[in-house]
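Residue-level structure breakdown
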Amino acid sequence: MRKPGIGRHLRQMRRNWDRRARENARYYVATGQQNWSDQEFYQAGEAELSDHILNDLGNICQGKDPKSMTVLEVGCGAGRVTAPLARFFGEVHAVDISRHMVRHA
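Let us look at the structure shown here. It should be emphasised that the depicted structure is a prediction, and the values quoted were computed from it without experimental measurement. (Residues numbered from 1 in each chain as written. Predicted model: local features only at pLDDT ≥ 70, side-chain atom pairs only at ≥ 80, totals over all residues. Heavy atoms only, no water.)

Some details on the nonpolar core
Formed by A21, A25, A30, W36, F41, A44, A78 and M101, the largest nonpolar core amounts to eight residues. Elements that contribute at least two residues to this core include exactly α1 (6–29) and α2 (38–52). The contact partners of F41, leaving out residues within four places of it in the chain, are R26, V29, W36, A78, G79 and R80. (Core = buried A, V, L, I, M, F, W, Y, C linked by side-chain atoms within 4.5 Å. Buried < 20%, exposed > 50% of the residue type's maximum accessible area, 1.4 Å probe, protein only. Helix = DSSP H or I, 4+ residues; strand = E, 2+ residues; numbered from the N terminus. Contact = heavy atoms within 4.5 Å.)

So, in structure tokens, the structure goes:
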């Protein structure tokens, strides 16, 4: 059952993330620096993949070939991790509450 007011909170969250995406999407996705070059931004995504996904492949893949798997990335932001996921897994679907972030991705 839906809690009262959840729709209002979701709309506010979407507006906030859309504003951030228009202002400086990469910074709000990864606040380590204000201005990211393409290379730096996507290298940070590669590191994220390595640190949080590849080190636990046994549990994630359960013996399956990653190229045969479909991954859903929830909260993809500006796509920093989406591209590395797409190179490693067979298929990647990425969603975000902010349509402006998805455009960046």
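A short note on the packing of aromatic side chains
In total, this model carries four aromatic pairs according to the counting rule given. Note on Y27 and Y28: the rings are 5.1 Å apart at their centroids and 70° apart in plane angle, and the pair reads as edge-to-face. Relative to Y42, the ring of F41 lies with its centre 5.3 Å away and its plane at 80°, an arrangement referred to as edge-to-face. Chaining the aromatic ring pairs together yields one cluster made of W36, F41 and Y42. Just above the ring of W17 sits the side chain of R20; from NZ or CZ to the centre is 4.5 Å. When the ring centre of Y28 is taken as origin, the NZ or CZ atom of R20, which lies over that ring, is 5.9 Å away. (Phe/Tyr/Trp six-rings, centres within 6.5 Å; stacked < 30°, edge-to-face > 60°. Lys NZ or Arg CZ within 6 Å of the ring centre and 35° of its normal.)

Considering the pattern of salt bridges
If charged atoms from side chains of opposite charge come close, those side chains can pair. With the rule as written, the count across this model stands at five salt bridges. Of the charged contacts, one joins D18 and R99 as a salt bridge, the two residues approaching to 3.9 Å between their closest N and O atoms. Pair noted here: D18 is in helix α1 and R99 is in helix α5 (residues 99–104), with a separation of 81 residues, a long-range link. Ionic pairing is found between R87 and E46, a salt bridge with its closest N-O pair at 2.0 Å. (Salt bridge = Lys/Arg side-chain N within 4 Å of Asp/Glu carboxyl O.)

Details of α1
The end-to-end C-alpha distance of α1 is 24 Å, clearly below the 34 Å that 24 residues give at a rise of 1.5 Å each. The set of residues buried in α1 consists of G7, D18, A21, N24 and A25. On its buried side, α1 packs onto α5. (Expected span 1.5 Å × (residues − 1).)

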